[in-house]
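Listed here are the chains, written in short residue letters.
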Amino acid sequence: DRRRFVDSLELMLSGVIKMAHSGGKTKAGKKKAPKREQMNNILSNVDWTPGSRNLEVTVNPFFYARYYSAQVSLMDMAVRSRLKSPIAKALYRFVQSHRTGKCFEGHFLTLCDVLNLERDQPLFELRRLLKTAISALVRQGVLTKKSGFVSQDYVLLDRSDGALPAPKTPPKLPKKK
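If you're wondering where the values come from, they're calculated on a predicted model, not measured in any experiment.

Colleague: Describe the confidence of the model for the protein, and please don't skip the residues or the numbers.
Modeller: Predicted coordinates in areas of low pLDDT are best not read in detail. Chain-level pLDDT for the protein is 80 on average; 79% of the residues reach the 70-or-more range. Of all secondary-structure elements in the protein, the lowest mean pLDDT belongs to strand β1 (residues 17–21), at 70, while helix α6 (residues 123–139) reaches the highest, 94.

Structure representation (structure tokens):
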């Protein structure tokens, strides 16, 4: 078990996280190239002597700072993996990124823009896609049953109480000597 755990840590050392800071949209409605991209890994060091019980893992300070300043989403990957539709997954990411109050109240086309849905489709098709995604999140307990279209064009997303992870206080990083 220890060997498999250390092998998993090795994979985490080689994994790269890429954060792209949005460039917005052009006047024609097309996505602009990202203004800035940042790439890094989660772990920066693993120190282990085979056969010993001592294992030292160093979390990359860059990732640590981004994670606790809420610039990296806190997503429950088990819930996300149960969602079949890419639109439901994007909606889940949107719901998780809003921390206070109701998640969203507004026009469905605004929500379509946020989720990067193609606006070339007929409006009834966009509504159908959103209704399917919302109902998937209601079934998973992420949104309450109040969520959905409250009129033909107006959407309400009401996050359930247990949808967000409990707030954490960051542990103190050990000071270097």
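Colleague: Give a detailed account of the environment of Asn40, specifying residues and quantitative values.
Modeller: You can see Asn40 is positioned in strand β2 (residues 36–40). Residues Asn40 and Ser14 lie 26 residues apart in sequence; the distance between their C-alpha atoms is 9.7 Å.

Colleague: Lay out helix α4 (residues 86–97) in plain terms, naming residues and giving numbers.
Modeller: The terminal C-alpha atoms of α4, which comprises twelve residues, lie 17 Å apart, in line with the 16 Å expected from a rise of 1.5 Å per residue. Within α4, the full set of buried residues consists of Ile87, Ala88, Ala90, Leu91, Tyr92, Phe94, Val95 and Gln96.

Colleague: Outline unusual backbone geometry, supporting the account with residue identities and numerical values.
Modeller: A positive phi angle, close to 60°, is found at Asn116, a residue other than glycine. Along the chain, the position of Asn116 falls in the loop between α5 (108–114) and α6.

Colleague: Which residues make up the sheet that holds strand β6 (residues 148–149), and what values do they have?
Modeller: Pairing between the strands of a sheet is mediated by backbone hydrogen bonds and can be parallel or antiparallel. If you trace the three strands from one edge of the open sheet to the other, you get β5-β7-β6, paired in antiparallel fashion. At either margin of the open sheet sits one strand with a lone partner, and together these are β5 (104–107) and β6. By the bridge criterion, two bridges tie β6 to strand β7 (residues 154–157) in an arrangement that is antiparallel. Along β7, the bridge assignment pairs Phe149 with Val155.

Conventions adopted
Residues numbered from 1 in each chain as written. Predicted model: local features only at pLDDT ≥ 70, side-chain atom pairs only at ≥ 80, totals over all residues. Heavy atoms only, no water. pLDDT = per-residue confidence, 0-100. Helix = DSSP H or I, 4+ residues; strand = E, 2+ residues; numbered from the N terminus. Expected span 1.5 Å × (residues − 1). Buried < 20%, exposed > 50% of the residue type's maximum accessible area, 1.4 Å probe, protein only. Pairing = 2+ DSSP bridges.

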